[in-house]
Number of protein chains: 4
Amino acid sequence: SSGTPEVIIPGASSYNGLNLVPQMGWDNWNAFGCDVNESLLLNTAQKMADYGLRDLGYNYIVLDDCWSIGRNSSGYLVENHVKFPSGMKEVADRIHGLGFKFGMYSSAGIMTCGRYPGSLGFEQKDADLWASWGVDYLKYDNCFNQGQSGTPKLSFDRYNVMSQALNETGRPIVYAMCNWGNDDPYDWAYGIANSGRMSGDIYDSFNRPDSRCPCTEAVGCPWPGFHCSVMNILNKMPAIQSRTMSGYFNDMDMLEVGNGGQSDSEYVVHFSMWAMMSSPLLIGTNIPTLSPANLAIYSNPAIIALNQDPSAGAAIRKWRYFVDPDENGEGEISLWTRTLDNGDTVMALLNAANSTMMMNATMNDIFLDQRTAGAYQEPEELRQTWDVYDLWANRMSEAEAGSLINGTSTVSPNSTTRYNATATSYEEGLENNATALMGVHVGSIAPSGTFSAEIARHSVGVYRLRAQSSSSLRKRDEL
Amino acid sequence: SSGTPEVIIPGASSYNGLNLVPQMGWDNWNAFGCDVNESLLLNTAQKMADYGLRDLGYNYIVLDDCWSIGRNSSGYLVENHVKFPSGMKEVADRIHGLGFKFGMYSSAGIMTCGRYPGSLGFEQKDADLWASWGVDYLKYDNCFNQGQSGTPKLSFDRYNVMSQALNETGRPIVYAMCNWGNDDPYDWAYGIANSGRMSGDIYDSFNRPDSRCPCTEAVGCPWPGFHCSVMNILNKMPAIQSRTMSGYFNDMDMLEVGNGGQSDSEYVVHFSMWAMMSSPLLIGTNIPTLSPANLAIYSNPAIIALNQDPSAGAAIRKWRYFVDPDENGEGEISLWTRTLDNGDTVMALLNAANSTMMMNATMNDIFLDQRTAGAYQEPEELRQTWDVYDLWANRMSEAEAGSLINGTSTVSPNSTTRYNATATSYEEGLENNATALMGVHVGSIAPSGTFSAEIARHSVGVYRLRAQSSSSLRKRDEL
Amino acid sequence: SSGTPEVIIPGASSYNGLNLVPQMGWDNWNAFGCDVNESLLLNTAQKMADYGLRDLGYNYIVLDDCWSIGRNSSGYLVENHVKFPSGMKEVADRIHGLGFKFGMYSSAGIMTCGRYPGSLGFEQKDADLWASWGVDYLKYDNCFNQGQSGTPKLSFDRYNVMSQALNETGRPIVYAMCNWGNDDPYDWAYGIANSGRMSGDIYDSFNRPDSRCPCTEAVGCPWPGFHCSVMNILNKMPAIQSRTMSGYFNDMDMLEVGNGGQSDSEYVVHFSMWAMMSSPLLIGTNIPTLSPANLAIYSNPAIIALNQDPSAGAAIRKWRYFVDPDENGEGEISLWTRTLDNGDTVMALLNAANSTMMMNATMNDIFLDQRTAGAYQEPEELRQTWDVYDLWANRMSEAEAGSLINGTSTVSPNSTTRYNATATSYEEGLENNATALMGVHVGSIAPSGTFSAEIARHSVGVYRLRAQSSSSLRKRDEL
Amino acid sequence: SSGTPEVIIPGASSYNGLNLVPQMGWDNWNAFGCDVNESLLLNTAQKMADYGLRDLGYNYIVLDDCWSIGRNSSGYLVENHVKFPSGMKEVADRIHGLGFKFGMYSSAGIMTCGRYPGSLGFEQKDADLWASWGVDYLKYDNCFNQGQSGTPKLSFDRYNVMSQALNETGRPIVYAMCNWGNDDPYDWAYGIANSGRMSGDIYDSFNRPDSRCPCTEAVGCPWPGFHCSVMNILNKMPAIQSRTMSGYFNDMDMLEVGNGGQSDSEYVVHFSMWAMMSSPLLIGTNIPTLSPANLAIYSNPAIIALNQDPSAGAAIRKWRYFVDPDENGEGEISLWTRTLDNGDTVMALLNAANSTMMMNATMNDIFLDQRTAGAYQEPEELRQTWDVYDLWANRMSEAEAGSLINGTSTVSPNSTTRYNATATSYEEGLENNATALMGVHVGSIAPSGTFSAEIARHSVGVYRLRAQSSSSLRKRDEL
């Protein structure tokens, strides 16, 4: 008798069925640190709805460290009632009422990084409490872990306790590990979590090396640290690129756009590349003081659509050259590509050198993986002509962004600049070639051709490539 | 009373008595990935028999990932009946009927790399099922291993469970570990397996560095990755050369010859060096579309005889110089040698630089190990004159290979170009100096002499050296 | 019912409530090694009181290795009665009587580094004995640890046994781990100890590399070794800077000032940077032979106040340039800053190059962390004008130091050069702007300004910066 | 009641009371590998006695791998009766009868490196058998260890089982670990063994790098390998120099002198530096074919006296400069010094560059450790004038060595060239300033002086320094 097999569908599940595309939302840490309270959360949520950010998909409000005041005599955490006078359950209810989900923070140690009580040894009690509050998401840090690390097994076992505890609650809770890449979580956390940080903490710098972030590679890094720049984190991704997949995402840390430490084009690089890599997109700035320019960056649906693409993969760095260093001693250019779910390919030409560069991408570079994947015949991709769409060409004007901020916008929520993902998922939108997701057609690449573009200093060009006869592209049940 | 000792004969056994020389065959992954089904396997087997590949020794047909559809209620795996409508047992029977053995794939994790059910925790059930189907070979991968790695002990313990389970079935099953060199399996897997991968996955490139394959050495590599080039993998072997031995082979991954990413001479390097290193030889391309030139590479019996030599060792890289880099920034030349079972020595002059090189090998280089192995008298090898045979000189012509492909060949199966190992083992053939195994005599090297040859860009010269009075060569019971 | 939460106040506690600022005192090892006896301890304590060192805060007298003679039949350690004829309890009493606390040494191994009996397996017996003697401090070494290391967990578990044993005694005992940074204690020891060595042993050299101290970074160092120079140890700190905190200090090892191997300005660097980094300050020389110049270094209250600042943090290395190497092949300049508890900032311009340098610190460098910490508005610090105080400008003259040594001093114990921390803590002194803690006003830095100073070869300028309108500086409950 | 303390005397014991100075003797592996039999052992022992080697201290005859034929039904090993027709007990008795001790080989794995049965899981049975045979010494290898390595704890635990088993036999057996430095045994094996290999296997080359010996440092080496040259092994010692001590020696592997791969002066370097480092001195060549020149190297009592000095320490590499590379790309000069038990200092000027060098050693270099060891006053050593003795100046002539070989020697066994350590220990001989131990006086070094000597390519000068008024040298109970 054969029984009824339990079918496993490759590439379409996750350990708990959640987070098939990367989580999006807001987290207070980058801009506020421990300065948390309920009005910050609620005001932020209200503004995010008003500015259209919620409907672009930023739908988790995550409260980071420093919210508790200790444990009660039963061992349950107690929220700080000065900061949260309504009580955390009420805060969660109001956040839900605004159309958001609610995220919470703790650490797999005896204390949080801020030296508040940690969850090590209290996993089930804490998970039960959060579930009773209506928590939908847990960021789970790595501070004060009592030395329970040093091999993948030690870290897996510690993080797995909370994974099991969350499942035990019965409530769907996205589990976002934050162990900074210690013991290579990208190699073992898929089965127990929905995302995992792969580097030390970001800081608001484009590429300045800092002695507190000593590694330039994720794998084999003995000390993730913090004060890692955008370019530092980005360049730790290529080696582990294949470990980003539907249901488990390599988390490059929260976004700094809006915090003042980088130029507009540097923030465009930061946002574009986080989207390209399928990193979670957590806004990390003060929403009420957001400038129109920065809102326009966060609000580019054509870029967000890359992040939310059902392919759920990370871009590949096809080449990298060290050139033309800046005042930090850093200079490089690189080409990144990624195949999307509908057969499109996206390509980023990244100029992190010190001056404007004419950059080129050949068909051979773009489709390297197809060329070398057992192609006993020339791959179809190389025989296509590809239309090229610039995904930043429709960036919202400052005037339009300003009108969103001051509540005077008259632009349709479905235009070349705006998109409502609450109403129509990105997947559906892409099936329908929604205008706002496609950018502007700027040319094409013929077989054996080369795409060239002038890219400014510390800037990026991001292009969606669509085959002119894409229906002929062979689809394979392949990984 | 002395009792009856259990005799251990050095160098002639293995953990389960199998695989005293490296396994040969075909595996679908490199060319087909998850696109598997029974007709692919059966058609391939038929063609391999027709083209003479089976009788050259390629006698395992290995089905890689993506063949199952889940587990039944008893916990047994169930094959995908759409892909394998006859059922796996029937497929195995037909493969056996064509004169092949049948190989199967799983992973020492909760899922396979393709996210099908893995065998971790189901080892005995899975081994029993495969044995009941008539499986002869298991490729056992490392994906989704729940962090059970990080020290040799953790990896050993996990892989040992399947080793014991396979033994428990009573059926002889070759156990091919595929843990990519994690935790240095070359140092501990001899006692539990028949071969072990020592690097991240190969891709069809001669020497292009790729950010997804970050290591250049096997030992101490924190992240094996994939997209490793032929030269990358080859140069990871010298440090662990001594850990290849009869019954346990360092597996350099499946062959890319025929997949289109390399030139003819690059494929010759790839095939020659895999043979020299006693790596398993698994053809990784689409057999029905194989070109005559590529068939001629796979079909060189003089090279295969190196691989199947009872010495079962790996070549030593005697020297390596970085010179004359190509467009990938890579350029080097190297000398490799290996002592064979009958006292012959094989030598490869490898030119991975960017232009033709006149390359030299001195007697001191070739016989370095003899010179430095406690030679309290001058080693006999250095006092010999050695005849030199070029092992690629008798490469099958494209016309002849084409006639094998279209079934019109009239060449004898035992000629200068062809060999039937089913009828006569390579060991026997070498004892009889079978023509097809000896190549063409191209000169000799006197004591204190030097051998020189012009080697083209990205090419290799492979030479068998035979002492003119070899009967005088001292044989030692030595390791 | 909510129960009564146990309040955790961030940044103001430690595992046992002790050592909220770094320990200060004297340890015999650097100058005497195993040449220990009771008169050495008692004479040293008397002199330290006489010279004013005790009242500057150096109030632990730590007896290092080689004091025992074995274990008695009950398993308790026995002191060497030749060296300590009065018995250890009596020695402790007399030390207490001189106004000091008493420290003791052992090793988390079967023997101490000097091959005297170690405490591994005898933790509770030894802790009980020490408590019965009145011991206030334990330096706990790492020699002969039976291989119980190699992962953070193995080291944590071993050191935790003594931590628990000390707590069990009921006596407050500062626990100073000395495992040389093995297995990254800065990442796990906060919860079980009060300080932890982060490097191999110091030796009395400013910057000479030595083959016995092979690492230049703390993290990932496979062999801490010994014979580490001042600059070697200092430059291992930046990566782990954030792991120094109130209650747990990264211990850079005992001070060499006075031992003859460095110039006066090199000793000034050594002492200043240990203070800046909140390293424990243990005098490691022979007090009775201390020169006036060296006493003046140990006695600078403005520098000690940095070390004893309630902020309890370590300075950040903002930049480092390799320039102008000396005869050891070493040459570099660097900028270090640290934010103090009262809103002041301290800055060190360190010249470890081979000649005098004009060194500059910009406001952007000094306040980098404020600029990049989610500053959605320009940080207040950058809009301030800062007064600059040179903390070495009031260094005690050799004449004055000499008068302390020969007991003829007539200077007030609260002058520009002297401070009595027994009477008034540094925290209080800073609140009151005690003269001796503030150095000499030498200028100011305006917004967008740069501070410049000529710094001699192998020397350092240390400056306290105070905002002219510091009351406006935003205070955040932040980490 | 105080009880009776168990006194631990620093620096004069070992885990089992044996091997307070390094073991000396002969091992067959380097020259014979698996070609072992009883007549080889007995003939070698007879010749070693005849040539005076036994009485120079070479008194262990160690039988290496390949001596067994399996285990009997009771689980006891059985010797190969073809190779050892008299039985191993009888062989041991005869070796004892010739005035030697008898050493034996096994591996802490399931097989020896030669794939004979290993002792893992059979430790007590094997130890008991060896004790019953009269075995005095065990070389214990690391092959096929089932992955029981990867942390110091895993290796310690495995090697400790045999340590306990040997102790359990009640027979004094020197325990020589051979785990190639895996998991840093120099840091944990003192408590369980008498020596421990710290590198991969030596081969008979002075300085040729080989891909099979990939590390240049011992600490942090992921793959010890083999085919390590003399200079490679030597330069792995400085970082771990302090871990050589009485009762536990870092074993640099067996001597190659006599095997033909190096020049006479290179062998002098090899032998001198092994002696300087207190490495075990195991002759690794064929004694009956030993040349007079090579016998003269092995027979220099002034050099052996360094090795057998009760200080039992290893020399320190004071400086190293990379200069003048040879055909292997290697070139360096270095200064090594070591303080001896009687207050003398030994100094080696090593020229591993490609041409003759005038080399200098300053007093500051020679006495660096004294200068920097808490010297609150100028160290006595720097104020001394030191007489310099060349320890190779009395090297035995080839004529004299030849007369020992052919049995015609008429030289007194106690002359400038010969020494009988069986009659008078080296310690006693040094107390009496035995002529043969002191070399030839060649000059002196005044305070602040410099010693200079012309050292030939690939050669070494070894000098004993004796203070002219050495009685004034302070002796400290110091480590």
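Every value quoted in this text rests on a predicted model; they were computed, and no experiment measured them.

Peer 1: Sorry, what's going on with the state of the cysteines here?
Peer 2: In protein chemistry, a disulfide is the covalent bond that joins the sulfur atoms of two cysteines. Applying the stated rule across the entire model yields 16 disulfides over all chains. Here A:Cys113 connects covalently by a disulfide to A:Cys143, the sulfurs 2.0 Å from one another. Looking along the S-S bond of the A:Cys113-A:Cys143 disulfide, the torsion reads about 95°, which is the right-handed sense. Highlighted residues: A:Cys113 in the loop between strand E6 (101-107) and helix H4 (123-133) and A:Cys143 in the loop between strand E7 (137-141) and helix H5 (152-169), separated in sequence by 30 residues. We classify A:Cys113 as partly exposed; its relative accessible area is 27%. There is a disulfide in this structure between C:Cys213 and C:Cys228, and the S-S distance comes to 2.2 Å. With the S-S dihedral at roughly 100°, the linkage between C:Cys213 and C:Cys228 falls on the right-handed side.

Peer 1: I tried to follow the confidence of the model for chain A on my own but got confused; where do I start?
Peer 2: Keep in mind that low pLDDT regions are not for reading the predicted coordinates in detail. Residue and element names in this part refer to chain A. Averaged over every residue, the pLDDT of chain A is 94; residues scoring 70 or more account for 95%. Confidence drops under pLDDT 50 across residues 1-7; counting only partners more than four residues distant or on other chains, this segment forms 15 contacts. Two numbers describe this predicted complex: its pTM, 0.95, and its ipTM, 0.94.

Peer 1: What am I meant to see in the relation of the copies chain C and chain D here?
Peer 2: In this structure, two copies of a chain are linked by a rotation about an axis accompanied by a shift along it. Turning chain C through 90° and shifting it by 0.0 Å along the axis lays it on chain D, with an RMSD of 0.0 Å. On this basis, the relationship between the two copies can be described by a four-fold rotation axis. Nearest to the rotation axis, the C-alpha of C:Thr151 is located 5.2 Å from it, this being the minimum over chain C. A low fraction, 2%, of the interface residues of chain C reappear at the interface in chain D, so the copies pair through non-equivalent surfaces.

Peer 1: Even after reading the chapter, I still don't get the sheet that holds strand E13 (residues 345-351) of chain D, so can you show me in this structure?
Peer 2: Sheets are built from strands that pair by backbone hydrogen bonding, the pairs being arranged parallel or antiparallel. All names here are of chain D. In spatial order, the strands read E11-E12-E13-E18-E15-E16; together these six strands make up an open sheet with antiparallel pairing. Here the strands that pair on one side only, and so sit at the sheet edges, are strand E11 (316-322) and strand E16 (440-445). The sheet shows a mean angle of 20° between the axes of neighbouring strands, direction not considered. In this sheet, E13 lies alongside strand E12 (residues 332-339) in antiparallel orientation, the contact comprising seven bridges. If you follow Thr339 over to E13, its bridge partner there is Thr345. Across the sheet, helix H7 (residues 264-276) lies against E12, E13 and strand E18 (459-467), angled at about 40° from E18, the strand it touches most.

Peer 1: Where do I start with the interface of chain C and chain D in this structure?
Peer 2: Accessible area lost when the parts come together is the quantity often used to give the size of an interface. Between chain C and chain D, the residue contacts involve 47 residues of the former and 44 residues of the latter. For the pair chain C and chain D, the two sides together bury roughly 3700 Å², of which 57% comes from carbon and sulfur. At the junction of chain C and chain D, the tally comes to one salt bridge. A salt bridge links C:Arg212 to D:Asp369; its shortest N-O distance comes to 2.6 Å. Taken together, the connections running from chain C to chain D amount to seven residue pairs in polar contact (both at pLDDT 80 or more). Across the side of chain C that touches chain D, the residue classes tally to 20 nonpolar, 18 polar and nine charged.

Peer 1: How should I be thinking about the interface of chain B and chain D in this particular structure?
Peer 2: Of the residues lining the interface, 44 residues belong to chain B; the matching set on chain D comes to 47 residues. Interface of chain B and chain D: buried area, both sides summed, is about 3700 Å²; carbon and sulfur atoms make up 57% of it. Seen at the junction of chain B and chain D, the total is one salt bridge. Where chain B packs against chain D, one counts seven residue pairs in polar contact (both at pLDDT 80 or more). Broken down by secondary-structure element, the contributors of at least two residues to the side of chain B that touches chain D are helix H5 (152-169), strand E11 (316-322) and helix H11 (368-371) of chain B. Residues belonging to the side of chain B that touches chain D are distributed by class as follows: 20 nonpolar, 13 polar and eleven charged.

Peer 1: Where do I start with the side chain of D:Lys318 in this structure?
Peer 2: By the element assignment, D:Lys318 lies in strand E11. No salt bridge is formed by the buried D:Lys318; its nearest oppositely charged neighbour, D:Asp369, is found at 4.6 Å. Dropping the residues within four chain positions of it, D:Lys318 is found in contact with C:Arg208, C:Arg212, D:Leu335, D:Thr337, D:Asp365, D:Ile366, D:Phe367, D:Leu368 and D:Asp369.

Peer 1: Sorry, what's going on with the packing of helix H2 (residues 38-50) of chain D against helix H3 (residues 88-97) of chain D here?
Peer 2: How two helices pack is summed up by the angle between their axes together with the distance between the axes. Residue and element names in this part refer to chain D. Interaxial distance between H2 and H3 falls to 10 Å at its minimum, and their mutual angle equals 5°. Between H2 and H3, the crossing angle belongs to the class labelled roughly parallel. Taken together, the residues of H3 that come into contact with H2 (itself represented by Glu38, Leu41 and Leu42) are Val91, Arg94 and Ile95. In terms of residue class, the contact of H2 with H3 is made up of four nonpolar, no polar and two charged.

Peer 1: Explain the sheet that holds strand E3 (residues 60-62) of chain A to me, please; I cannot follow it from the model alone.
Peer 2: Residues and elements named next belong to chain A. Here we have eight strands laid out as an open sheet, ordered E10-E9-E8-E7-E6-E3-E2-E11, and parallel in their pairing. Here the strands that pair on one side only, and so sit at the sheet edges, are strand E10 (249-251) and strand E11 (281-283). Sheet twist, expressed as the average angle between the axes of neighbouring strands with direction ignored, equals 25°. Two elements, E7 and strand E8 (residues 174-177), share four bridges in a ladder whose sense is parallel. When the sheet's bridge partners are listed, Lys139 is paired in E8 with Ala176.

Peer 1: Even after reading the chapter, I still don't get the packing of aromatic side chains, so can you show me in this structure?
Peer 2: Two aromatic rings, taken as a pair, are described by how far apart their centres are and by the angle between their planes. Here the structure, examined in full by the defined rule, presents 52 aromatic pairs over all chains. Ring geometry for A:Trp319 versus A:Tyr321: centroids 5.3 Å apart, planes at 40°, classification tilted. Its relative accessible area of 13% is what places A:Trp319 among the buried residues. Residue A:Tyr321 is classed as partly exposed on the basis of its relative accessible area of 47%. Relative to B:Trp188, the ring of B:Phe156 lies with its centre 5.9 Å away and its plane at 80°, an arrangement referred to as edge-to-face. Taken together, the residues B:Phe156 in helix H5 and B:Trp188 in the loop between strand E7 (174-177) and strand E8 (195-197) connect sequence positions 32 residues apart. As far as the burial class goes, B:Phe156 and B:Trp188 line up, both buried. The rings of A:Tyr58, A:Phe271 and A:Tyr298 are connected pair by pair, giving a single aromatic cluster. The side chain of A:Lys125 reaches across the aromatic face of A:Tyr76, ending 5.6 Å from its centre. Above the ring of C:Phe122, the side-chain terminus of C:Arg71 is found at 3.7 Å from the ring centroid.

About the cut-offs
- Residues numbered from 1 in each chain as written.
- Chains lettered and ligands numbered in written order.
- Predicted model: local features only at pLDDT ≥ 70, side-chain atom pairs only at ≥ 80, totals over all residues.
- Heavy atoms only, no water.
- Disulfide = S-S within 2.5 Å.
- Helix = DSSP H or I, 4+ residues; strand = E, 2+ residues; numbered from the N terminus.
- Buried < 20%, exposed > 50% of the residue type's maximum accessible area, 1.4 Å probe, protein only.
- pLDDT = per-residue confidence, 0-100.
- Contact = heavy atoms within 4.5 Å.
- Least-squares fit on C-alpha atoms with pLDDT ≥ 70 in both.
- Pairing = 2+ DSSP bridges.
- Axes fitted to C-alpha atoms, helices over the stretch in contact; angles between N-to-C directions.
- Buried area = accessible area lost by both parts, 1.4 Å probe.
- Salt bridge = Lys/Arg side-chain N within 4 Å of Asp/Glu carboxyl O.
- Polar contact = N/O pair within 3.5 Å; in protein donor to acceptor, adjacent residues only side chain to side chain.
- Nonpolar A, V, L, I, M, F, W, Y, C, P; charged D, E, K, R; others polar.
- Lys, Arg positive; Asp, Glu negative; His and termini not counted.
- Parallel < 35°, antiparallel > 145°, perpendicular 65-115°, else oblique.
- Phe/Tyr/Trp six-rings, centres within 6.5 Å; stacked < 30°, edge-to-face > 60°.
- Lys NZ or Arg CZ within 6 Å of the ring centre and 35° of its normal.

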